Amino acid sequence: IVIATDITAVRTAEAMLRRSQKMESVGELAGGLAHDFNNLLAAVIGNADLAMMSVGKESPVVHNLDQIVNASITATDLCKQMLAFTGQGVTTVEKFDLNNVVQQTGDMLRAAMPKKINLSFKLSESPLGIKADKSQMRQVIMNLITNASESYGNGIGTISVGTEIHNYTKKELDLFHPGASLGSGQYIRIWVTDSGVGMKPEVVAKIFDPFFSAKSGGRGLGLAAVKGILHAHRGAISVDSTPGEGTTFVIILPHI
C-alpha cells in the first residue's frame, strides 16, 4: 500500500508567506532609514537656502548651492518612494471614482507612447467608488501602463486596461494573495494586459523586490513602491506572465 499526498500547494503557500515576512522586515528597515535620511535632507536644503540668501546673485557659489538643493530634492523624492514601498508614505485620502483616474492617466500616457502601441480601455459602467490617495493611485496606474508599453520595445502591440467590481470570497483572496489577510467583500479589480516579451518565472519571483528591474535601465523602486501603496490601501497585486506571450497585472482595492 502506497499513500501519497501532493503538498505542492502547501509548499508554494509557505514560500510566499516566508517571502512576505522577509519583505515586511525589509520594509521596516527601509522605512526607518527613509525617515531619518529625510530629516537630514531637510536640514541640508534649509541651510543651502539660507546660504543663497546670504550671498549675491552674481556670486560664483550660487551655482554650487543650486546643485546642492536640486540633488537634495531628488533624494527627497527617493525617500518618498521608499516610504511608499513600506506603506508609510504621507497620504491625502479622499473619495473619488477610480474609473476617472484610470481613464485620465491612460489618456495622458497615450500621448507619450510610440504610435505603434495601441492603448484600449474596457472600463466598468458602474462608478468605482474608492477612498484613497488620488496621486498614489495615479502613480500605480502609470507604473503598470508604462511597464506594459516598455515590454514591446520597438515592436507593435496593444495594451488592454480594464476595470470591474467583483465580490471576492475569503478563499479567493487567499489564493490571490496568500498571507495578505484580506477580508471577503466587494473589491475594485483593475487589470493591465500586454502581449509583449513576457517574463520568465525567476524574473516574476523578483519583480516586486526593491530596485529590481528586468530592464538594463531600471528606475528606482518601481513595482515595489506599487505594492507598498496597495498594501497601505488594504489592496493587493498579482502578476501572470509567460515568456513570448505577454503579461497581465491585476490589482484589487476595497470598493465603497
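Whatever comes next refers back to the structure up there.
Residues numbered from 1 in each chain as written. Predicted model: local features only at pLDDT ≥ 70, side-chain atom pairs only at ≥ 80, totals over all residues. Heavy atoms only, no water.

## Description of the overall build of the protein
Part 1: Of the regular secondary structure elements, the protein holds 7 helices and 7 strands.
Part 2: Ordered by position from N to C terminus, the α and β elements of the protein give α-α-β-α-β-β-α-β-α-β-α-α-β-β.
Part 3: Contacts spanning at least 24 positions in sequence make up 75% of the contacts within the protein whose residues lie at least 6 apart.
Part 4: By element, 56% of the accessible surface of the protein is carried by carbon and sulfur atoms, the whole surface being about 14,700 Å². (Helix = DSSP H or I, 4+ residues; strand = E, 2+ residues; numbered from the N terminus. Contact = heavy atoms within 4.5 Å. Areas by Shrake-Rupley, 256 points an atom, 1.4 Å probe, with all protein chains shown as cover.)

## A word on the sheet that holds strand S4 (residues 157–168)
Part 1: Across the sheet, 5 strands lie side by side as S2-S4-S5-S7-S6; this open sheet has mixed pairing. In the strand order of this sheet, the two ends are held by strand S2 (117–122) and strand S6 (236–242), each with one partner. The average angle at which neighbouring strand axes cross in this sheet is 15 degrees, direction not considered.
Part 2: Here strand S5 (residues 185–194) pairs with strand S7 (residues 246–254) via 8 bridges, running antiparallel. (Pairing = 2+ DSSP bridges. Axes fitted to C-alpha atoms, helices over the stretch in contact; angles between N-to-C directions.)

## Re the packing of helix H3 (residues 98–110) against helix H4 (residues 134–150)
Part 1: One can describe the packing of H3 onto H4 by two numbers: an axis separation of 9 Å at closest approach and a directional angle of 50 degrees. If you check the angle between H3 and H4, you find them oblique. Handedness of the H3/H4 crossing: right-handed. When H3 is examined against H4, the residues Leu 98, Val 101, Val 102, Thr 105, Gly 106, Met 108 and Leu 109 are found in contact with a partner set consisting of Lys 134, Met 137, Arg 138, Ile 141, Met 142, Ile 145 and Thr 146. (Parallel < 35°, antiparallel > 145°, perpendicular 65-115°, else oblique. Left-handed = near helix turned anticlockwise from the far one by under 90°.)

## A word on the environment of Ile 145
Part 1: Counting through the fold element by element, Ile 145 comes out in helix H4.
Part 2: Between the C-alpha atoms of Ile 145 and Thr 105, which are 40 residues apart in sequence, the distance is 9.1 Å.

## A look at helix H7 (residues 223–232)
Part 1: In terms of burial, H7 is a largely internal element, 7 of the 10 residues being buried.
Part 2: Listed in full, the buried residues belonging to H7 are Leu 223, Ala 224, Ala 225, Val 226, Gly 228, Ile 229 and Leu 230. (Buried < 20%, exposed > 50% of the residue type's maximum accessible area, 1.4 Å probe, protein only.)

## Quick look at the nonpolar core
Part 1: Counting 35 residues, the largest nonpolar core has Leu 98, Ile 130, Met 137, Leu 144, Ile 159, Ile 237 and Ile 251 as its most contacted members.
Part 2: For this core, the secondary-structure elements that each account for two or more residues are H3, S2, strand S3 (129–133), H4, S4, S5, H7 and S7.
Part 3: When residues in this core are grouped by element, the largest group, 6 residues, is from H4.
Part 4: Setting aside chain neighbours within four positions, we find Met 137 in contact with Phe 96, Leu 98, Val 101, Ile 130, Ala 132, Ile 229, His 233 and Leu 253.
Part 5: Counting 9 residues, the second largest nonpolar core, distinct from the first, contains Leu 173, Leu 182, Tyr 187 and Val 250. (Core = buried A, V, L, I, M, F, W, Y, C linked by side-chain atoms within 4.5 Å.)

## Re unusual backbone geometry
Part 1: Phi at Arg 234 takes a positive value of approximately 60 degrees, unusual for a residue other than glycine.
Part 2: Along the chain, Arg 234 turns up in the loop between H7 and S6.

## Description of the packing of H4 against H7
Part 1: Between H4 and H7, the shortest axis-to-axis distance is 10 Å and the interhelical angle comes to 145 degrees. Our pair here, H4 against H7, has a crossing hand that is left-handed. Contact residues: Gln 136, Met 137, Gln 139, Val 140, Asn 143, Leu 144 and Asn 147 in H4; Leu 223, Ala 225, Val 226, Ile 229 and Leu 230 in H7.

## Thoughts on the pattern of salt bridges
Part 1: Inspection of every chain in the model, using the stated rule, returns 3 salt bridges.
Part 2: Between Asp 107 and Arg 110 there is a salt bridge, with its nearest N and O atoms 2.9 Å apart. With Asp 107 and Arg 110 both in helix H3 and 3 residues apart, this pair spans about one turn of that helix.
Part 3: One salt bridge in this structure joins Glu 164 and Arg 189, with 3.1 Å as the shortest N-O distance. Within this pair, whereas Glu 164 is found in strand S4, its partner Arg 189 is found in strand S5, the two being separated by 25 residues in sequence.
Part 4: By relative accessible area, which is 29% here, Glu 164 ends up partly exposed.
Part 5: Arg 189 gets classed as partly exposed once you look at its relative accessible area, which sits at 23%. (Salt bridge = Lys/Arg side-chain N within 4 Å of Asp/Glu carboxyl O.)

## What about the side chain of Ser 151?
Part 1: With respect to the element layout, Ser 151 can be found in the loop between H4 and S4.
Part 2: Within polar-contact distance, the side chain of Ser 151 engages the backbone oxygen of Ala 148 at 2.6 Å.
Part 3: Every residue in contact with Ser 151, bar those within four places of it in the chain, is listed here: Asp 194, Gly 196 and Val 197. (Polar contact = N/O pair within 3.5 Å; in protein donor to acceptor, adjacent residues only side chain to side chain.)

## Examining the pairing of S7
Part 1: Most of S7 sits out of view: 8 of its 9 residues are buried.
Part 2: Linking S6 to S7, which pair antiparallel, is a turn of 3 residues; within it Gly 244 sits at a positive phi near 85 degrees.

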